Structures are given as structure tokens and as C-alpha cells.
Amino acid sequence: MKKAFHRFYNLIAVICCLLLIGVLLYAVSMLPHYGQENPRSVEVVERYVHDGLEETGATNIVAGMILDYRAFDTLGESHVLFTALICVIILLGKDVKNMRREYDGYYTVEYESYHKLADDKILRLVGYILLPCLFLFGIYILLNGQLSPGGGFSGGAIMGAALIIFAAAFGFETVDKVFTEKVLKGVTFVSLAFYSFAKGYVFFTGANGLENHVPKGEPGMILSGGLILPLDIAVGMVVACTMYGFYSLFRRGSIGHDHTFMDQQ
Amino acid sequence: MEFITNFPLFTIVLSLFSGVLCYMLKPRVAKIYTLVYEGFLILLVSAVLYYVLATGQAFTYVMGEFPAPWGNEIRAGVLEAMIALCFLIVMICSVSAGFRFLKTDMDESKLNLYFTLVNLMTAALMSLVWTNDLFTGYVFLEILTLTSCGVLIVREIGRTSLAAVRYMILNLLGSGLFLLGVVLLYDLTGHLLMVPMKETIAELATDPAVLPVIGVAVGILTIGLSIKSGLFPFHFWMPDTYGWATPTSAALLSSLVSKAYIFLLFKTYYRAIGIDVLQQLPIRHVLLVLGAMGIVVGSLQAIHTNNLNHMVAYSSAAQIGYIYMGIGLGGVAGYTAAMFHVMAHAITKSQLFLTTPRLAEVAGGNLKFQDLQGSALKTRVAGFYFTIGAFSMIGIPIFAGFSSKLQFALAAVTGAGIKRILIVMLALAVSSMLNALYFVMTLIRIYTPDGDNNRSVMTHHHINYHLPMLLLTAANLLLGLRCDLIVDLIGKGLAMFG
């Protein structure tokens, strides 16, 4: 009986999926074709493309769009990452509940040293060569968000990856000397608080018809695009911290060196 | 006076900031801060409600220097302000009343992270209520999804982890489908803001070749949001999710998160698609039928289960069915009923989820019915509040549940079509009977002495519990007794909603 039901259930599921695929293909075939101009969507896009440089001061129109025209969405988007970080800390961060006896051996010192990658000579050598380039490249992409493709999210991701390679090649002890949990907390807090208030200020002045005191700068220069550069830096910091935080939490259950639990053991 | 138009912006930006701030604070401070802050938000939103009632029209607020089709926008009217106020009241009550269990369910060193999530959830709820832009809706939908998984997972026991994984997968599926629908609509219209989108869609809908595509987009979007809010065939995640979460989280998830999705769907229908176009699509019939089926199936499953929390959760599935039935019914009366029930259910369900753990506590922490016998006698206060919630769910006059059932019946009668009247009336009749059956059975069970005379196991309840419960009861009675007033307000809100 149960088996027959399961077979029936699977059959229905497959049919539903095929139906959905068919319906979606049909809907997509009715949309304007790729490359063909959609007569109805010109209004919005045109202003972004034609007046974007003048109105936002950003040579990179995408940066102007996400951080100026539709900055509210991006304000939410940068907090999505932060929310994810909080969820991972709740789940994986070491505490009394998930350090119960039955979990013994998950985070022990032996386990950590067994999996230590820091003694790997190849990794270390590649790290020596690669890390400065990675950090530089990340900073470059971060700072040039308003001029060329890139910006906070991509630059931050590269810097986060660099931090992860740093921790893998030279061990967490080395990273912990400069990048503790306090630093991560502080950087995240300052970046996100700055983001919220800077954008809150722009929304407030914009909606109330007040003068916005942020200079637009000269298009094409590093200091252009008004708030786009500082916001990119803030987003980049959050992304880098979040990525490193994930890595650290997944590997050892805490972001910085966790004194309380180490001492208890 | 004009300054009040800034308040919706403040509710969003300050909530985001509060979330980040709570990450830095000590757990004790974070709790006090969150409660004070939520109270402050209630004041702000009340001011907005007062303002829109006084001016008699909704206002749009440009987010930045770029006006409607180019930049983001939020919009506040009577309906939005009412829903926001209701959400905030339920939020502050849930956080305050469930705190005692939160302390035991969660490691104390991480409590501030819970309040971080609560504040971010507030920001997401406020954004979904105020937004006038579909893509902003999607972004904050994501924050709401993540925070709801976060508040679910804090208990760190096997059952909640399992429930959270399932909840997350289904929610992400729902978000993905919603995004797909938004993308299709954007491709068709070239707009993401709701008002220009509606104008373009009204134009497009006259072309019979494009109407089916609009139908597909709206359908996908609807499926996505109905998975997230738990409409009938997608309600199977509810019992585990609500049943094993910590009480505050169960109240937040069942009362607020699912309602926010429904409100977003309603707003999309009303403001981005347009009611006239929606009338031409078959989706409203589907919603009506699925809603009615959800009511009956949810009630039957609630009878079948042997666990108090699961029973309340299945009853949630039935109540979500009511709301969708109202939306499917259509017409001003149907929408009024649906919005009324959003508030009635938010207030009642949070009260139930905040009392069941106290009943279980005196029964040795067990939620099975046979163990719960006499538990209301051991903790009379919790029993009393549970009774009020149960009466409201059954639909006994003077409570909110009765008024909303009345609204649904009125909406069915004033709307056209004998088939629809029949469906709604049948669903109402059957579900009222089934509701009465399982809630009265539960009440009899918890008020039957279990033989042991230890009646004063728990007589002392903290003011942190009494105050929110009394507030929820008062709100319940307000909705029940002054139903005309609330319906009048919703009518005004709907008039300025489109």
C-alpha cells in the first residue's frame, strides 16, 4: 500500500515538474527576444544609461544603479549577509549546548592539529606569492567600483578569499594576531551602521527636498560618484568579514581564538 | 505634522541599525533595548496611522532623489499602518512573554544574537508592509526567510534542526519562485515599481496573446508565496516548524512571518497587477478552492494529532486557508475579510503559542494530550489565556475569530455566484464545527482534574507574561467587539491602497 502510494507520488511529481517546465518555456518564448529592444521597458533603462553618469557621477552605470538609483534594495542586500553570519554563529558557534558530552571530539585540539594545513610547504610558498597580489587586487576592485566593473560585493569576496587562504596556509594563530573576533565585530558594526545612516541621510534629504551635502566629484576620478565609494568600502568590509567568519566558524566553531572554551578543556 | 511622513523610513533604517547594534550589546542590555525600541516603533507607527487618517489619503515617500519609475519608493496608507501596528504589538508581546523559555532553550551567551535577529525581522516586516516596489519586496523577503530560519534554529535540538532544514529548503524554493515571477513581470513591463507596473500590465492585458504570460508570472509568484505562508497543499511543514520552535519563535513565525508573505502577495495583486486584470485570470478560483480545502484538511489533521502544539499549528494551516479564501473570493468585502483575519489570527495565534508551553510545563514538559490532563488547574492563568485564544479560534461571539467568520460569511453573500457562496459557507460551517470539536476537547482535557491534588504547581507568573497577554486579550476583544470600527478602517485603507 505504502509502496504503491510512493510510486504514485513520484509519478505525480514528475508530471508536475514536466508541466512546470512546459509552462515556463511557453512563457519565456512569449517574452521579447534577447537583444531585441522591448518597447515597454525603455523608459527606465534609458535614463539609467543616458543620464546615469551625470546624475550619479559614476562611470560604472551598474554601481550607479545599485548604490544610487536603487540604493534601498542594496541596503537590504548588505544586511542579508550579516543575517546569514548571525545564523551561522548561532548554529556553529561553540556554546554549552552544542558542546555537550555527546559531541566530544568534534573540536578537540588533536582534531585541529590533525587537520592543520599550515605545515604544508607548497601551500605556504604559494601563499607567500599569492596573498599580496590577492589583497591588492581585492582593494583595487573595491576602490574602482564606481569606475569599472566590480565594487563592494566582488572586491569584498576576493579579500575574504584572501583571508581564508591566509588562515589555511599560515594557521589560525597567525590570523588571530591581527584579526580577532573583536576586530570582526567592530568592522562589521561600523560598516553597516555607516551604511544605514549614510543612506538614511540620502533618503531623508531626497524625500524632503533638502540639499544633499555629499559632493559628486569629477566623473572618472577615484573620488567620484558621491557616496558610492564609501558605501562600496563598507559593503566590501562586511563581505570579507562574513566570508572569513563562515570559514572560521565551520572549521573551529568560533571566529577568533575562543579562550573560554579552550580553558575549560 | 509633515515630519510624520518620514516615520516609515525610520522604522526600517533604525531597525536595521538596531539589529547590528544588538550584535555588539550584552544579552541583558540587548533584551531591554529591543523591548524599549519596539515600544518606540509602536509610537512611530501609531503616529503614521493617525496622520493618514487625519489627511485622508496615503502618501508615497521617495527613497533618495530619484522619483517613481527610477528610484525606490515606500508608501503608507491606513491599511499598511494598521497591519504594521498589529505586527509590532504581537512582536513586543511575543518577545516579552516568551523570554523565560528563550533563556532555557538557548545558550545565554548567544541571547543577544536572538535579539539581533528579532530586530532584523522587524526591519524586514516593516519593509514588506511599506514597500511600493516588487524587488525591494524580494530583498526583504530574503532577510525575513533567513531571520525566520535563525529564530527557529536557536533551540539546537535535533527536532528543531530537522524542522529548520525543511523550513529553509521550502522557503528558498518559495523565494526562488517569487523571484522568477518578478523577473517575468519585469521582462514584460520594464518596471519594478508597483504603480507603473500596474499601468503597463493593464495595457498589456488587452492583448490576448500576452495575458497567459501574465497569468504564468502571477501564478508562479503566488505559488512561491503560498509555499512560504503555508497554503493547503504546502502546509505540511507547519506542525514541526511551529511545534518544536521556542515559544517566542513559534509565535513570531505563525503570527507575523506567514502574514507578511500574505500581505506582500495581496499588495502585489492589488497594486502591481491590478484587480481588473486579476479578475481575468483563473488564479483567484484556485485560491478560493485551495483555501477552502485547507480549512477542512487543516482542521481534520488538527483533530488527528496527539500533540497540543501540533494541533495549534494545524489550526494555523486552516486559518491561513481562511485568508486565502477571502483573497480568492475577491471584491471589497472579501479583501476586507481577509485583512481582518490577518490581524485576528496574528493576535490569537501568538497568544495560543505563548500559553501552550506553560501548560506543558506543569505537565512535566510534555505536550501529549494524556499528560496535559488537569494542567489548566495547576496553572490557572495560562489556562485562562489559552481559553480566550481557543474561544476566539472557535468563533465564539465577542472574540476576534467570530467577527472574522462573520466577515467571511457577509463577503460570500454580497459577492456574486451561488457556487462561491456554497463553497465558502460549507467551509465555514464544517471548519467551525471541527474547530469547536478539537478546541473544546482540549479545554475539557486540560480542565479535568487528573487525580493528584498538587494544584498549585505554578501560581506565580511574572508581569512580563501578564502584561503582553492582557494586551493581546484586549486587542482580541477590540477586534471582536468593535468589529465595525476595524472594518470601517480597513475599508478606508483599501480605498487608498490601490
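Thresholds, definitions, all that
- Residues numbered from 1 in each chain as written.
- Chains lettered and ligands numbered in written order.
- Predicted model: local features only at pLDDT ≥ 70, side-chain atom pairs only at ≥ 80, totals over all residues.
- Helix = DSSP H or I, 4+ residues; strand = E, 2+ residues; numbered from the N terminus.
- Buried ≥ 20, exposed ≤ 12 C-beta atoms within 10 Å, placed from the backbone.
- Contact = placed C-beta atoms within 7 Å.
- Rg over C-alpha atoms; globule rule 2.2 N^0.38 Å.
- Pairing = 2+ DSSP bridges.
- Axes fitted to C-alpha atoms, helices over the stretch in contact; angles between N-to-C directions.
- Parallel < 35°, antiparallel > 145°, perpendicular 65-115°, else oblique.
- Left-handed = near helix turned anticlockwise from the far one by under 90°.
- Nonpolar A, V, L, I, M, F, W, Y, C, P; charged D, E, K, R; others polar.
- pLDDT = per-residue confidence, 0-100.
- Expected span 1.5 Å × (residues − 1).

Student: Would you explain the overall build of chain A in this entry?
Tutor: Secondary structure summary: chain A contains 10 helices and zero strands in total. Traced from its N-terminal end to its C-terminal end, chain A shows the element sequence α-α-α-α-α-α-α-α-α-α. In chain A, buried positions account for 35% of the 265 residues. Of the contacts formed within chain A by residues at least 6 apart in sequence, a portion of 75% connects residues at least 24 apart.

Student: I would appreciate a short explanation of the overall build of chain B in the present structure.
Tutor: Within chain B, the secondary structure is distributed over 22 helices and two strands. For 498 residues, the compact-globule estimate of 2.2 N^0.38 gives 23 Å, and chain B sits close to it at 22 Å. Summarising its shape, the C-alpha atoms of chain B cover approximately 75 × 55 × 45 Å along the three principal directions. Considering chain B as a whole, with its 498 residues, one finds that 63% of them fall into the buried category. Considering only residue pairs separated by 6 or more positions, chain B has 80% of its internal contacts joining residues 24 or more positions apart.

Student: Honestly, the pairing of strand β2 (residues 72-76) of chain B in this entry has me stumped. Any pointers?
Tutor: Residues and elements named next belong to chain B. Where burial is concerned, most of β2 is hidden: five out of the five residues are buried. Side-chain alternation along β2 places N72, I74 and A76 on one buried face and E73 and R75 on a second face that is also buried. Here five bridges tie strand β1 (residues 59-63) to β2, and the two strands are oriented antiparallel to one another. Bridge assignment links M63 to a residue of β2, and that residue is N72.

Student: Teacher, can you tell me more about the packing of helix α7 (residues 158-189) of chain B against helix α8 (residues 194-204) of chain B here?
Tutor: Helix packing for two helices is described by the angle between their axes and how far apart those axes are. Residue and element names in this part refer to chain B. Look at α7 against α8: their axes get within 10 Å of each other, and the N-to-C directions meet at 70°. With respect to α8, the axis of α7 lies roughly perpendicular. On the side of α7, the interface is formed by L185, L188 and T189, while α8 contributes M197, T200, I201 and L204.

Student: Which parts of the structure should I look at to understand the environment of L177 of chain B?
Tutor: Residues and elements named next belong to chain B. Tracing the sequence through the fold places L177 in helix α7. In this structure the C-alpha to C-alpha distance between L177 and I223, which are 46 residues apart in sequence, comes to 7.2 Å. Ignoring anything within four residues of it in the chain, the contact list for L177 reads I220, I223 and G224.

Student: What is the right way to read the packing of helix α2 (residues 42-56) of chain A against helix α3 (residues 61-69) of chain A from this model?
Tutor: Residues and elements named next belong to chain A. Taken N-terminus to C-terminus, the directions of α2 and α3 make an angle of 70°; their axes are 10 Å apart at the nearest point. As far as their axial angle goes, α3 and α2 are roughly perpendicular. For the pair α2 and α3, the crossing hand works out as left-handed. Seen from α2, the contacting residues are Y48, V49, G52 and T56; seen from α3, they are I61, G64, M65, D68 and Y69. Taken together, the residues of the contact of α2 with α3 break down into five nonpolar, three polar and one charged.

Student: Explanation requested: the interface of chain B and chain A in the structure shown.
Tutor: The accessible area lost on association of the parts is a frequent measure of interface size. On the chain A side, the residues contacting the 50 residues of chain B number 46 residues. Of all the secondary-structure elements, those providing two or more residues to the side of chain B that touches chain A are α1 (7-24), β1, α5 (111-130), α6 (134-153), α7 and α9 (211-229) of chain B. Among the elements that line the side of chain B that touches chain A, the one with the most residues is α6 of chain B, at 11 residues. Tallied by class, the residues present in the side of chain B that touches chain A amount to 30 nonpolar, 14 polar and six charged.

Student: Mind showing me how you'd approach the confidence of the model for chain B here?
Tutor: Low pLDDT means the predicted coordinates in that region are not meant to be read closely. Overall, the predicted model of chain B reaches an average pLDDT of 91, with 98% of residues at or above 70. Reported confidences for the modelled complex are a pTM of 0.94 and an ipTM of 0.91.

Student: Explain the confidence of the model for chain A to me, please; I cannot follow it from the model alone.
Tutor: Mean pLDDT over chain A: 83, with 88% of residues reaching 70 or higher. By mean pLDDT, the top-scoring element of chain A is helix α8 (residues 181-208) of chain A (92), and the lowest-scoring one is helix α10 (residues 259-264) of chain A (50).

Student: What should I look at first to understand helix α3 (residues 78-97) of chain B in this one?
Tutor: Each α-helix winds once per 3.6 residues, and so residues spaced three or four apart point in a common direction. Spanning 20 residues, α3 of chain B covers 28 Å between terminal C-alpha atoms, matching the ideal 28 Å at 1.5 Å per step. For α3 of chain B, the buried fraction is high: 20 of the 20 residues fall into the buried class.

Student: Before we go on, may I ask you to explain helix α20 (residues 418-447) of chain B in this structure?
Tutor: Between its first and last C-alpha atoms α20 of chain B spans 43 Å; for 30 residues at 1.5 Å apiece the expected length is 44 Å, and the two agree. Buried within α20 of chain B are the following residues: R420, I423, V424, A427, L428, S431, L434, N435, Y438, F439, T442 and I446 of chain B.

Student: Just checking my understanding: could you explain the environment of V430 of chain B for this structure?
Tutor: Tracing the chain through its elements places V430 of chain B in helix α20. C-alpha of V430 of chain B to C-alpha of G224 of chain B: the two residues are 206 residues apart in sequence and 28 Å apart in space.

Student: Where do I start with unusual backbone geometry in this structure?
Tutor: One can expect most non-glycine residues to show negative phi and most peptide bonds to be in trans. All names here are of chain B. Here E156, not a glycine, exhibits a phi torsion of approximately 55°, which is positive. Locating E156 in the fold gives a position in the loop between α6 and α7. Residue I398 is not a glycine yet carries a positive backbone phi of 75°. Here I398 shows up in the loop between α18 (380-394) and α19 (400-414).

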